[in-house]
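# Geometric and topological summary
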Amino acid sequence: MATLQLTRLKKRYPNGFVALHGVDLSVAEGELIVIVGPSGCGKSTLLRTLAGLESISDGELTINDRRVNELEPAERDIAMVFQNYALYPHMSVAGNMGYALKNRGIAKDEVRRRVAATAELLGLGELLERRPRQLSGGQRQRVAMGRAIVREPQVFLFDEPLSNLDAKLRVQMRLEIRRLQKRLGVTAVYVTHDQVEAMTLADRLVVMNGGHVEQCGEPMTLYAQPATRFVASFLGSPAMNFLPLTAHQGGVVLPNGIQLALPFTLPEGRAATLGIRPEHLCEAASTTEGAILEVTVEMLEPLGADMLAYTRLPGLDEWLVVRLDGAHAAHEGQRLSLTFSPAHCHVFDAEGRRVAM
Ligand code: ATP
């Protein structure tokens, strides 16, 4: 078990492109940190610098308080599980899993014992003599994990390990990874661009954007209290709704002139954005007080348990997506009166930062 500390970690590629702009992050013993963000935000670069596959341009990386910036990958005691599994095709499952141990000069009996124990843990006991091509995608993924586990490293790094699996297997494997990581008590950093995977796996979530950390914290904290509009829009499916607001006579007004009674004030004339999640818009009862939005349903997406209604406010271009009950009798063209609790409002300033309410 290990702690990781990243201090103002920077990565500048030889062509001058800066992919990491000084990342600060502490990872506690046994913690599973998930790094999430859109394509190109620097997730893989960050993971590769931790593994030692990319040099660090500036800042410091320590493992258990020891600086490792200059250490080769093999000297860092870190194991990485890759997206494409990177298995040796000509070796058996047992050969793949034991390869690193054999290379380290560990006695044959000990290698066999550790491979067998890890295979048992992963349900691979019956498959040890097979070649990778004789395995399903999920089994290959397990072998790739087994190869990392058998080394008993201080830190595990996962680079989108589930992206080659179908949707059902992804759900199963992400539960397995979570269970294994907790059972083994290992420190892990996991990269994905899938926000559902990120939310369900993480002890703490790191949302990256353009080479810097937008926000770091427990998944539900980031979901309920996103620090920036970027985080708000990245977490949640369908995404949060955003409506432009202007402060007017002590209240706020939408561009189509609708006044909203919201529990905060903005300086007169100041523009901001109101964010409301689709599940927080509800149909207004006849007795509802406060903000009521009259919308027209333009499209419906039945999802089974839920139904998504794509609606518009008169005079506004923005979609307002509403999560309705799957059994709702809504139809296209229907008018809905919507309301929302002030407690579920998110307000972001012109720079996209959360405004305290
Ligand atoms: P994805 O989800 O698409 O894998 P990512 O968040 O993992 O994206 P990185 O692969 O870390 O992103 O890339 C971050 C940025 O650094 C991108 O703009 C990319 O073009 C750039 N980049 C990556 N590798 C190099 C390189 N060797 N030289 C120059 N720029 C690079």
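What counts and how
Residues numbered from 1 in each chain as written. Predicted model: local features only at pLDDT ≥ 70, side-chain atom pairs only at ≥ 80, totals over all residues. Helix = DSSP H or I, 4+ residues; strand = E, 2+ residues; numbered from the N terminus. Contact = placed C-beta atoms within 7 Å. Expected span 1.5 Å × (residues − 1). Buried ≥ 20, exposed ≤ 12 C-beta atoms within 10 Å, placed from the backbone. Pairing = 2+ DSSP bridges. Domains from an automatic or database assignment. Near = placed C-beta within 6 Å. Nonpolar A, V, L, I, M, F, W, Y, C, P; charged D, E, K, R; others polar. UniProt positions renumbered as here; feature names shortened; annotations may be inferred. Core = buried A, V, L, I, M, F, W, Y, C linked by C-beta atoms within 7 Å. Axes fitted to C-alpha atoms, helices over the stretch in contact; angles between N-to-C directions. Parallel < 35°, antiparallel > 145°, perpendicular 65-115°, else oblique. Left-handed = near helix turned anticlockwise from the far one by under 90°.

## Here we look at unusual backbone geometry
Residue Pro238 is bonded to the preceding Ser237 through a cis peptide linkage, with omega at 0°. Along the chain, Pro238 falls in the loop between α8 (229–234) and β11 (241–248). Residues other than glycine seldom take positive phi values, yet Asp65 does so here, at roughly 70°. Tracing the backbone shows Asp65 in the loop between β4 (58–63) and β5 (66–67).

## What about the environment of Leu274?
With respect to the helices and strands, Leu274 occurs in strand β14 (residues 271–276). Expressed as a C-alpha distance, the spacing of Leu274 and Met80, which sit 194 residues apart in the sequence, is 41 Å. With near-sequence residues (within four places) excluded, Leu274 lies in contact with Leu243, Leu245, Cys345 and Val347.

## Structural notes on helix α4 (residues 137–149)
Taking 1.5 Å as the rise per residue, α4 with 13 residues should run 18 Å; its terminal C-alpha atoms sit 18 Å apart, in good agreement. In terms of residue burial, α4 counts as a mostly covered element, since 10 of its 13 residues are buried. Within α4 the residues assigned to the buried category are Arg140, Gln141, Arg142, Val143, Ala144, Met145, Gly146, Arg147, Ala148 and Ile149.

## Here we look at the pairing of strand β2 (residues 18–27)
Where strand β1 (residues 4–12) and β2 come together, seven bridges link them in antiparallel fashion. Residue Lys10 lies in a different strand from β2, and its bridge partner there is His21.

## Comments concerning the domain arrangement of the chain
Domains assigned within the chain are domain 1 (4–234) and domain 2 (241–348). Spacing between the C-alpha centres of domain 1 and domain 2 amounts to 40 Å.

## A closer look at the site of the ligand
As a matter of local geometry, the ligand sits amid 13 residues, with Tyr13, Ala19, Ser39, Ser44 and Thr45 nearest to it. If you tally residues by element for the shell around the ligand, the top one is helix α1 (residues 43–51), at three residues. Split by residue class, the shell around the ligand holds four nonpolar, eight polar and one charged.

## Quick word on the UniProt feature "domain: ABC transporter" (unreviewed entry) in the chain
What UniProt calls "domain: ABC transporter" (unreviewed entry) maps, in this numbering, to residues 4–235. Annotation note: span residues 4–235, helix share 37%, strand share 25%, distance between end C-alpha atoms 25 Å.

## Notes on the nonpolar core
The biggest cluster of nonpolar side chains holds 79 residues, and the ones touching the most others in it are Ile33, Val34, Ile35, Leu157, Val189 and Tyr190. Not counting residues up to four positions away in its chain, the partners in contact with Ile33 are Val27, Val189, Tyr190, Ala202, Asp203, Arg204 and Val206.

## Some details on the packing of helix α2 (residues 93–103) against α4
What describes two packed helices is the angle between their axes and the distance between those same axes. Between α2 and α4, whose axes approach to 8 Å, the crossing angle comes to 30°. For the element pair α2 / α4, the angle class is roughly parallel. As for the relative orientation of α2 and α4, their crossing is right-handed in sense. On the side of α2, the interface is formed by Val93, Asn96, Met97 and Ala100, while α4 contributes Val143, Gly146 and Arg147. In the contact of α2 with α4, the residues fall into four nonpolar, two polar and one charged.

## Observations regarding the sheet that holds strand β8 (residues 187–192)
In space, the six strands of this open sheet follow the order β6-β7-β8-β3-β9-β10, with mixed pairing throughout. Strands at the two margins of the open sheet, each flanked by one partner only, are β6 (78–81) and β10 (212–217). Each neighbouring strand pair of the sheet contributes to a mean axis angle of 20°, computed without reference to strand direction. Bridging between strand β7 (residues 155–159) and β8 involves five bridges; their strand directions are parallel. From the neighbouring strand, Phe156 faces β8, where its bridge partner is Ala188.

## Considerations on the sheet that holds strand β16 (residues 292–302)
Across the sheet, which stays open at both edges, the five strands sit in the order β15-β19-β16-β17-β18 with antiparallel pairing between neighbours. Only two strands of the sheet have a single partner each, and these edge strands are β15 (282–283) and β18 (319–325).

## Here's the deal with α2
When α2 is considered as a whole, its buried residues turn out to be Val93, Ala94, Asn96, Met97, Gly98 and Leu101. Against the buried residues of α2 lie α3 (108–122) and α4. A positive backbone phi angle near 85° is found at Gly105, which sits one or two residues after α2.

## Here's the deal with the environment of Gly30
Summarising the element assignment, Gly30 is placed in the loop between β2 and β3 (32–36). Measuring from C-alpha to C-alpha, the distance between Gly30 and Pro342 comes to 38 Å, with 312 residues separating the pair along the chain. Those residues in contact with Gly30, other than ones at most four positions away along the chain, are Met1, Gly185, Val186 and Thr187.

## Topic: the packing of α4 against helix α5 (residues 167–184)
Contact geometry for α4 and α5: axes closest at 11 Å, N-to-C directions at 20°. By the criterion of interaxial angle, the relationship of α4 to α5 is roughly parallel. Read as a crossing pair, α4 and α5 show a hand that is right-handed. Along its contact with α4, which presents Gly137, Gly138, Gln141 and Ile149, the element α5 presents Leu169, Met173 and Leu184. Of the residues belonging to the contact of α4 with α5, the class tally is four nonpolar, three polar and no charged.

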